[in-house]
Every structure is written in structure tokens, then in C-alpha cells.
Amino acid sequence: MTRSVRAANGLVASGHHLATEAGLAALRDGGSAADAAIAAAAVSAVVLPEATGVGGDLFALVYDARTRAVSVYNGSGAAPRAIDRARFEGGRFPDRGAILATVPGAVAGWADLVADHGRLGLERALAPAIAYADEGFPLSDRGAEALAVEAARIGLDEGTAAVFAPRGHWLRGGEVLQQPDLAATLRAVAQGGAGGFYRGEVAERLAAGISAMGGALSVEDLAAHRTDRPEPLSIAYRGFTVYGQPPVTQGHVLLEELALADGFDLAGLGRASVEQIHLMVELQKLAFADRDLHAGDPRVTGFDARRLLEPAFVAARRKAVGQRASEGYAGAPFGSDTTYLCAVDRDGNAVSLIESVFSRFGAAALVPGTGVLLNNRLTGFSLDPRSPNVLAPGKRPVHTLNAVLVLEGSAPRFVYGTPGAQAQVQTNFQLAVALIDHGLDPQRAIDEPRWYHERGRALKVEARVPEATLKGLAAKGHEIALLPEWSETTGGAQIIRIEENGSFAGGADARREGHAAGY
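So, here is what we can say about the structure in this document. (Residues numbered from 1 in each chain as written. Predicted model: local features only at pLDDT ≥ 70, side-chain atom pairs only at ≥ 80, totals over all residues. Heavy atoms only, no water.)

### Quick word on the nonpolar core
How we decide: Here, nonpolar core refers to any group of buried Ala, Val, Leu, Ile, Met, Phe, Trp, Tyr and Cys residues whose side-chain atoms link them within 4.5 Å. Only protein chains enter the area calculation, which uses a 1.4 Å probe; residues under 20% of their type maximum are buried, those over 50% are exposed, and those in between are partly exposed. Put simply, DSSP H or I for four residues or longer makes a helix, DSSP E for two residues or longer makes a strand, and each gets a number counted from the N terminus. Whether two residues touch is decided by their heavy atoms; if any such pair falls within 4.5 Å, the residues are in contact.
Counting residues in hydrophobic clusters, the biggest one holds 80 residues, and the most contacted among them are W110, L126, L186, F197, L353 and L374. Looking at which element gives the most residues to this core, the answer is helix α2 (residues 33–47), with 13 residues. Setting aside residues up to four positions removed in sequence, L186 forms contacts with V46, V54, W110, L126, A129, I130 and A133. With 52 residues, the next largest nonpolar core counts I235, L283, V398 and V433 among its residues.

Rendered as C-alpha cells:
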């Protein structure tokens, strides 16, 4: 059984060992949790191109030990101002292409986090990522598998093929991936901050390249981008304060799940029991239904997620929970390639961060001369004009991305999250219950078998769940489908627990390429 790693001075847990090591090096150099997080995030954008990149988005929660305050960074970009919903004939998005890109928000998020909470500066934070992009790194087996699976899709783009199949074949595990154009773009950011990406030569090259590829993003769209700083969204749960990502993410789904669960004795039902799993599945169905009724870009729709967390609303929703499985819909499983990381430092600062290009390799479109692989976040919109999440120019889509930060009193206790599209708020729900209701160690909480609900009464369950539990769930009306014993469909979580004595315990998920380390 894998055990949590422990450290006294700082700890980083991310989706790739090179990213974790870069974050740890920043801590050793005297950096803060923010310096470590951005060093790790930037390296992730180089070594996990299927999941994240400078063409993607970022969301983070930051705890500042000096002020004892939690701040929010919603680094998501808007749809192009020139976009037209009528362009998507038949009410469907294509599966690839520059037309699917929204404004990338990750780079602005990196710069803002370092400026607000860092000590070492953006140039230092990006140095490891630039080196890996320029000099190359051996591609992991999982990265090579992603290339093989997506070869037909990404092979249609000349720029993508040139980077990932430089010797006439898609790179295999252990072969070196070099991205010199991406290194040049990262250098421009290191030297010029966010302006080195959203304005000037890089922005002009991006806009011209995107236009030539049939996309709609313009230099004006790029120049107008700013990181959103909404008020934190939180709830009280079992004596803790749980912070989730506010809209445009669906972090409010997790908080509603927990608010609903707070009215039940989950610990008394028994860990991973039929009764506990059934109840949690039914609670998340209610929270997802509320998302579909209300969620949309607050700047356009006026959506206030706090309405879904009001005690009277939550109490009324609890009455809908029955003893039998109900219908429900969480959403299609697209956009699952994302990466999550967390970092803490010896002074008690903490960062919970997630970034993504949405689908695997995003839009499968790489802008020539920039190394930037575009996101396909536009497909996060609805094309139904009745939806609060309907596509419109300058509007941001609802995101699955959410990070979690849990305080006990005024001090952080847990920093965690996971990739996994619609599974994110379901897995984060399961992790919260494992950590808080059952008191599990971080690595043990990550290693617990998981379930995932997508639609109807169907319930996907990792095959390690005991047969008696599966039969009990089926008897309650759930239509069971087995996932692999360790299924990345359910995410790739990282967790750090801050102990009462100030030391740290961390865990990382073997379902993907998670790695936790401290010193």
C-alpha cells in the first residue's frame, strides 16, 4: 500500500514528476507556494501537452498566511467577439480546429499569481519550463499513448504533426520531445509578463495564425483579456470551511453536494457502504440538475451561485432524495484532459491550481511559429438558445475546472483537487467525505475505489468495489457498469494535508502520473 509523503518545509503534488520537482526547486530557492505552483504549472504546460498548455485556462485558490485570506483566480478566456452561433450548422461543434478556441487565460493567471503572492519573479518561475521546451524531455508512456490514441485527429494539423511526429512517426515513450517555438513564447512571457503574450509580437502572430487556420480570435480579443477575481465561494461542513471555485466554473456543484450531505450522517452509514454511495450519487444528481437550470457566465446572465447554497434552498432539495436510484445527468465525458497541482510552503501559504486545454490536445491545432496548442473550450458552450450557457460573443463558457481549499478555523487543513471533466466535482465530493467524514490519510483517500455518474441510472464503478456492494447498489436501482480497477475516468487527484504541528502530508494519484514530494 502506498503511503503519504511527509515534509516539514514545503510540499508539491502535481500530475507529472518533472512539474513537482520544478515546484520543489522553487521552494528550496526561497520561493513561496505561489512560486512553486507556477513553476510546476508552467512545466506541466510543456510536459503534459495533451492536458494543458499556454493555449489553455487556469483556475486557482490561494491562501495567504499573512492576511489569513483566500483569494480566487479565474483565468478563463471569453469567446471571440467575431463568433457567430449560426456558424455551427446542425447545432454541433466540430471535433477539432482553431474555430473552437476561446482566449487562453493561463498565462495571465500565472503572471498575476506570481505578482500577488510570489517572491522570485516570473522569469525564475518559468525557467524550468523554458529549459524543458528548448532542450526537450523524454516523453512518458502515458503521453505517448495519448498521441497514439489521438493520431488521426491531431495528424490533420501540420503544425501539431511537426512537433509531435518530428521523425515521421508519433513520438514513443522515452523519445525526446523538443518545442523550440514554445520555448520562445515562454521567454517572451518571462521577459514581458502577460503583455508578452496578449499584446505585441506574440499576440499578432497568434491572431494571424489563428485567422489563417479558420479561427476567430483577434488581437483585440487577446488584448482585452484579464484574470477574473471573483469573491470566494465557501460553505461550512462538519466544522471546516470548504472553498470551491466560483463561476464560471462548476465548483458550486461540489459545494452544493457537501451542503446537501451535511444534513446526513455519512460517517454513520459506513465508509464505502451501499447506503453511503447511494446517498452521495443521488445528492450529486440534484446538484448537477441545479447547475443545468442556472449556471452561465455571471457577467452575462447574472448567475449567483450563492442562491444554490442558501440553507432554505438546500433543505428543500434534500427532500428529493429517495431510497431508489433516480434519473440524472452530469454531462458528456468530453474535455477530460486537465491537470491539477497543489503547493504549500513553510510559512503556511497554500495554492490549489488546475489548468487545461479541455479535450485531449485541445483543438488539435497548433499556431505556427508560436508552439501554442489551442484549447477547444468553445465546445463547453451550449448551442441551445434556451440555455444560460448558450454561446455568445465575448461570453465565457461554464467550466468543469475547480480547485478545493479547506480551512479549519483560519488555517488551511486540506489542499486538493483532480482533473476529470464532469467527474471532477464527483471525485472531489468523494475525497472530501474520505478526508473529513472518515479521517483518511491523503494517499489512502486517493487510493479508495471510486464511482462516476454520467447519465440516467447508470453508475460506473471501479472494479475494486466489493461484489456485495455492487449487488446492493443494483438492488437500489443503479445500473452498474464496471470501470478498470484504477480508472483515469475518475480523475487524477493530488492532496496535501497541513498537520496541526505545521508539517505536511501529501498524496498523488497513480491513475494518471501523479507525483508528490517535499523537503
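### Here we look at the pairing of strand β14 (residues 411–417)
Rules: DSSP-based pairing: two strands are paired if at least 2 bridges between them are found.
A large share of β14 lies buried, amounting to six of its seven residues. Judged from the six bridges that link them, strand β13 (residues 403–408) and β14 form a sheet pairing that is antiparallel. The residue bridging E408 from the neighbouring strand is A411, located in β14. Where β13 hands over to β14, the hairpin turn is made up of two residues, of which G409 adopts a positive phi near 70°.

### What to know about the pattern of salt bridges
The following threshold applies: Salt bridges are identified by distance alone: a Lys or Arg side-chain nitrogen within 4 Å of an Asp or Glu carboxyl oxygen.
Under the criterion given, the structure shown has 34 salt bridges. D134 is paired through a salt bridge with R187; the nearest N and O atoms lie 2.5 Å apart. Of this pair, D134 sits in helix α4 (residues 122–135) while R187 is found in helix α7 (residues 180–192), placing the two residues 53 residues apart along the sequence. Take D134: its relative accessible area is 30%, and that puts it in the partly exposed class. The partner of R511 in a salt bridge is D509, and the shortest N-O contact between them spans 3.0 Å. Here the two residues R511 and D509 agree in accessibility, since each one is buried. Taken together, the shared-partner salt bridges in this structure form one network comprising R450, E462, R464, D509 and R511.

### With respect to the sheet that holds strand β2 (residues 10–14)
Formally: Helix axes are fitted only over the stretch in contact, all axes being lines through C-alpha atoms; the angle between N-to-C directions runs from 0 to 180 degrees.
Read from one edge of the open sheet, six strands run β4-β3-β10-β9-β2-β20, paired in antiparallel fashion. The open sheet terminates on both sides in strands that have one partner only, identified here as β4 (69–75) and β20 (515–518). Strand-to-strand, the axes of this sheet are offset by a mean angle of 10°, without reference to chain direction. As defined by bridge partners, strand β3 (residues 57–64) adjoins β4 across seven bridges and the pair is classed as antiparallel. What sits directly across from L61, in β4, is V72. Its contacts with the sheet place helix α1 (residues 17–28) against β2, β9 (338–345) and β20, and it is angled at close to 160° to β2.

### Describing α4
Put simply, the rule reads: Here a helix's expected span is defined as the number of its residues, less one, multiplied by 1.5 Å. Fitting one axis to the seven residues ending at a residue and another to the seven starting there, the bend at that residue is the angle between the two axes.
With 14 residues, α4 should reach 20 Å at 1.5 Å per residue; the first-to-last C-alpha distance of 20 Å fits that figure. The sharpest bend along α4 measures roughly 35° and falls at P128. Within the span of α4, buried status applies to L122, A125, L126, P128, A129, I130 and A133. The elements touched by buried residues of α4 are α1, α2, α3 (106–117) and α7.

### Things to note about the layout of surface pockets
The line we're drawing: Detection works on a 1 Å grid of protein atoms alone, calling trapped sets that fit a 1.4 Å probe cavities and calling open sets with protein on both sides within 12 Å along at least five of seven lines pockets, with lining residues defined by an atom within 4 Å of a point. Grid points are joined across faces, edges and corners, and a volume is the space filled by probe spheres set on the points. Amino acid classes used here: Ala, Val, Leu, Ile, Met, Phe, Trp, Tyr, Cys and Pro are nonpolar; Asp, Glu, Lys and Arg are charged; the rest, including Gly, are polar.
Of the volumes computed, that of the second largest pocket is approximately 310 Å³. Looking at the second largest pocket, it is lined by 21 residues, and the ones nearest its centre are A272, Q276, Q430, E448 and P449. The set of elements that each furnish at least two residues to the lining of the second largest pocket consists of α13 (274–294) and α16 (424–437). It is α16 that contributes the most residues to the lining of the second largest pocket, four residues altogether. A breakdown of the residues in the lining of the second largest pocket according to their chemical character gives 13 nonpolar, four polar and four charged.

### Quick look at empty space enclosed by the protein
According to the stated counting rule, one finds two cavities of 30 Å³ or more in the structure shown. Computed from the structure, the largest cavity encloses a volume of approximately 90 Å³. The wall of the largest cavity is formed by 13 residues, among which G15, R142, T338, T339 and R512 lie closest to the centre. Residue classes in the lining of the largest cavity are distributed as three nonpolar, six polar and four charged. By volume, the second largest cavity amounts to about 80 Å³. In this structure, the second largest cavity is lined by 13 residues; those nearest its centre are A45, G53, L182, G371 and L373. Here the residues of the lining of the second largest cavity are counted per class, giving nine nonpolar, four polar and no charged.

### Remarks on the side chain of T249
Where we set the bar: As used in this structure description, the phrase polar contact means that two N or O atoms lie within 3.5 Å; if the pair is within protein, one of them must be able to donate a hydrogen and the other to accept it, and residues adjacent in sequence are counted only when both atoms belong to side chains.
Its place among the elements puts T249 in the loop between β8 (240–244) and α11 (251–261). Polar contacts involving the side chain of T249 include one to the main-chain carbonyl oxygen of Q245, which spans 2.9 Å. A distance of 3.0 Å separates the side chain of T249 from the backbone nitrogen of G251, its partner in a polar contact. With near-sequence residues (within four places) excluded, T249 lies in contact with F59, H399, L401 and N402.

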